[in-house]
Amino acid sequence: LPAAVFLKDLKLMDVKLGQLPSWLAMRDFTPGGIAGAFRRGYDRYYNKYINVKKGGLGGISMVLAGYVVLSYIWSYSHIKHDRRRKYH
């Protein structure tokens, strides 16, 4: 990293562990700032995996895998409850 990069402009993966509290304090946690962060993340994902010249199933399959994992987590308590039930 160049020495002239400010802590505010660093990405999360470039922040050292000791700098993390001050980096978090510089983030914008207003609803507009959070919406902007989601928008930037979606744009980065879209441009990296979906909006490519020679695409494959990688980007779409990641979204589907994420959906499967989240739906399993959301219904885990119901699945666990049904596991103990006797059907005979």
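Residues numbered from 1 in each chain as written. Predicted model: local features only at pLDDT ≥ 70, side-chain atom pairs only at ≥ 80, totals over all residues. Heavy atoms only, no water.

Caption draft 1: How the structure looks around the overall build of the chain. Scanning the chain for helices and strands turns up four helices and zero strands. Written out in order from the N terminus, the α and β elements of the chain read α-α-α-α. With the model as given, the accessible surface of the chain reaches about 8200 Å², and the carbon-plus-sulfur share is 65%. (Helix = DSSP H or I, 4+ residues; strand = E, 2+ residues; numbered from the N terminus. Areas by Shrake-Rupley, 256 points an atom, 1.4 Å probe, with all protein chains shown as cover.)

Caption draft 2: Local environment of the UniProt feature "transmembrane region" (unreviewed entry) in the chain. The residues that UniProt annotates with the feature "transmembrane region" (unreviewed entry) are residues 56-76. End C-alpha atoms of residues 56-76 are separated by 31 Å, and the span's content is 86% helix alongside 0% strand. (UniProt positions renumbered as here; feature names shortened; annotations may be inferred.)

Caption draft 3: Local environment of a nonpolar patch on the surface. A surface patch of nonpolar side chains, amounting to about 660 Å² of accessible area, comprises Y42, Y46, Y49, I50, I60, M62 and L64. Of all the secondary structure elements, the ones that give two or more residues to the nonpolar patch are α2 (31-50) and α3 (58-74). Here the nonpolar patch takes four residues from α2, the largest share from any one element. Its place among the elements puts I60 in helix α3. (Patch = residues over 30% accessible without salt bridge, like charges linked within 9 Å, V, L, I, M, F, W, Y side chains within 5 Å. Salt bridge = Lys/Arg side-chain N within 4 Å of Asp/Glu carboxyl O.)

Caption draft 4: Structural context of the packing of α2 against α3. Across the interface, α2 lies against α3 with an axial gap of 8 Å and an inter-helix angle of 130°. The angle between α2 and α3 falls in the class oblique. Across the interface between the two elements, Y45, Y49 and I50 from α2 touch G59, I60, M62 and V63 from α3. (Axes fitted to C-alpha atoms, helices over the stretch in contact; angles between N-to-C directions. Parallel < 35°, antiparallel > 145°, perpendicular 65-115°, else oblique. Contact = heavy atoms within 4.5 Å.)

Caption draft 5: Seen up close, the packing of aromatic side chains. The tally for this structure, following the rule as stated, stands at two aromatic pairs. Consider the rings of Y42 and Y46, whose centres lie 6.0 Å apart with planes at 25°: the pair is stacked. Linking Y42 with Y46, this pair stays in helix α2, spanning four residues, or about one helical turn. Consider the rings of Y45 and Y49, whose centres lie 5.3 Å apart with planes at 45°: the pair is tilted. (Phe/Tyr/Trp six-rings, centres within 6.5 Å; stacked < 30°, edge-to-face > 60°.)

Caption draft 6: Structural context of the layout of surface pockets. Estimated volume of the largest pocket: approximately 570 Å³. Along the walls of the largest pocket sit 15 residues, with L12, W23, R27, A37 and R40 positioned nearest its centre. Broken down by secondary-structure element, the contributors of at least two residues to the lining of the largest pocket are α1 (20-25) and α2. Sorting elements by how many residues they give to the lining of the largest pocket places α2 first, with six residues. Its residues assigned to classes, the lining of the largest pocket shows eight nonpolar, two polar and five charged. (1 Å grid on protein atoms, 1.4 Å probe; cavity = no way out; pocket = protein on both sides within 12 Å on 5 of 7 lines; lining within 4 Å. Points joined across faces, edges and corners; volume = space filled by probe spheres on them. Nonpolar A, V, L, I, M, F, W, Y, C, P; charged D, E, K, R; others polar.)

Caption draft 7: Just the environment of Q19, in detail. Counting through the fold element by element, Q19 comes out in the segment before α1. When its relative accessible area of 30% is taken as the criterion, Q19 is described as partly exposed. For the pair Q19 and L7, spaced 12 residues apart in sequence, the C-alpha to C-alpha distance is 8.1 Å. Sequence-distant contacts of Q19, that is, excluding residues within four places in its chain, are made with L7 and L10. (Buried < 20%, exposed > 50% of the residue type's maximum accessible area, 1.4 Å probe, protein only.)

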